[in-house]
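# Results of the structural survey
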Amino acid sequence: MMTRSSMRKIQTLALWTLLGVLSVSLFDSNVVARPVAKGKGSVQLPQKFIRQRNTLSNMDFYYTNKGVLFNNDNVAGLQWPRGTSNSYIYGGGVWFATKKIIGGKRRKLCELGY
């Protein structure tokens, strides 16, 4: 059973992780984004999968240009503090969702990063 203080530590770690990922993504000049054709009869454009390692904080983690966070193949993708073997997360991702009117009907759309 988890104590209140250990739960609070996990929540704090999750918040700092999210803030770290957002700050890296906002200030990283290597971020690549381009549209992908998904309509009927359209040709899907090839995309390059880029996995990078965070170098700016005390958290050691990986992120990609496709929304995958903390994934380093078959090993943990987040260690804290940096340089230790304390593994916390093996993978995660970003979800984007919206409601949009298409053809006169309101539709729910969702894109998953992982």
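Described in the following lines is the structure provided in the data block. Keep in mind that this is a model prediction, so the values were computed, not measured. (Residues numbered from 1 in each chain as written. Predicted model: local features only at pLDDT ≥ 70, side-chain atom pairs only at ≥ 80, totals over all residues. Heavy atoms only, no water.)

## Notes on a nonpolar patch on the surface
Taken together, the side chains of L15, W16 and L19 make up a nonpolar region of the molecular surface, amounting to roughly 330 Å² of accessible area. Tracing the backbone shows W16 in helix α1 (residues 4-27). When its relative accessible area of 53% is taken as the criterion, W16 is described as exposed. (Patch = residues over 30% accessible without salt bridge, like charges linked within 9 Å, V, L, I, M, F, W, Y side chains within 5 Å. Areas by Shrake-Rupley, 256 points an atom, 1.4 Å probe, with all protein chains shown as cover. Salt bridge = Lys/Arg side-chain N within 4 Å of Asp/Glu carboxyl O. Helix = DSSP H or I, 4+ residues; strand = E, 2+ residues; numbered from the N terminus. Buried < 20%, exposed > 50% of the residue type's maximum accessible area, 1.4 Å probe, protein only.)

## Here we look at the layout of surface pockets
To find the voids left in a structure, one rolls a probe of water-molecule size over its atoms. By volume, the second largest pocket amounts to about 200 Å³. Along its surface, the second largest pocket is lined by K9, I10, T12, L13, A14, W80, Y88 and I89. Elements represented by at least two residues in the lining of the second largest pocket include exactly α1 and β7 (87-89). Looking at the lining of the second largest pocket, the element that brings in the most residues is α1, giving five residues. Of the residues belonging to the lining of the second largest pocket, the class tally is six nonpolar, one polar and one charged. (1 Å grid on protein atoms, 1.4 Å probe; cavity = no way out; pocket = protein on both sides within 12 Å on 5 of 7 lines; lining within 4 Å. Points joined across faces, edges and corners; volume = space filled by probe spheres on them. Nonpolar A, V, L, I, M, F, W, Y, C, P; charged D, E, K, R; others polar.)

## What to know about the packing of aromatic side chains
Counted by the stated rule, this structure contains three aromatic pairs. On the basis of an interplanar angle of 55° and a centroid distance of 6.4 Å, the ring pair of F61 and Y63 is categorised as tilted. Relative to F70, the ring of F61 lies with its centre 5.6 Å away and its plane at 65°, an arrangement referred to as edge-to-face. Of the residues examined, F61 reaches a relative accessible area of 1% and is grouped as buried. Relative accessible area serves as the criterion here: at 8%, F70 is assigned to the buried category. (Phe/Tyr/Trp six-rings, centres within 6.5 Å; stacked < 30°, edge-to-face > 60°.)

## Structural notes on the environment of F96
Of note, F96 is situated in strand β9 (residues 95-102). The exposure class of F96 is exposed, given its relative accessible area of 58%.

## Some points on unusual backbone geometry
Of the consecutive residues W80 and P81, the connecting peptide bond is found in the cis state with omega at -10°. For F70, which is not glycine, the phi dihedral falls at a positive 65°. Summarising the element assignment, F70 is placed in the loop between β3 (68-69) and β4 (71-72).

Scope: geometric values only; no functional claims are made or implied.
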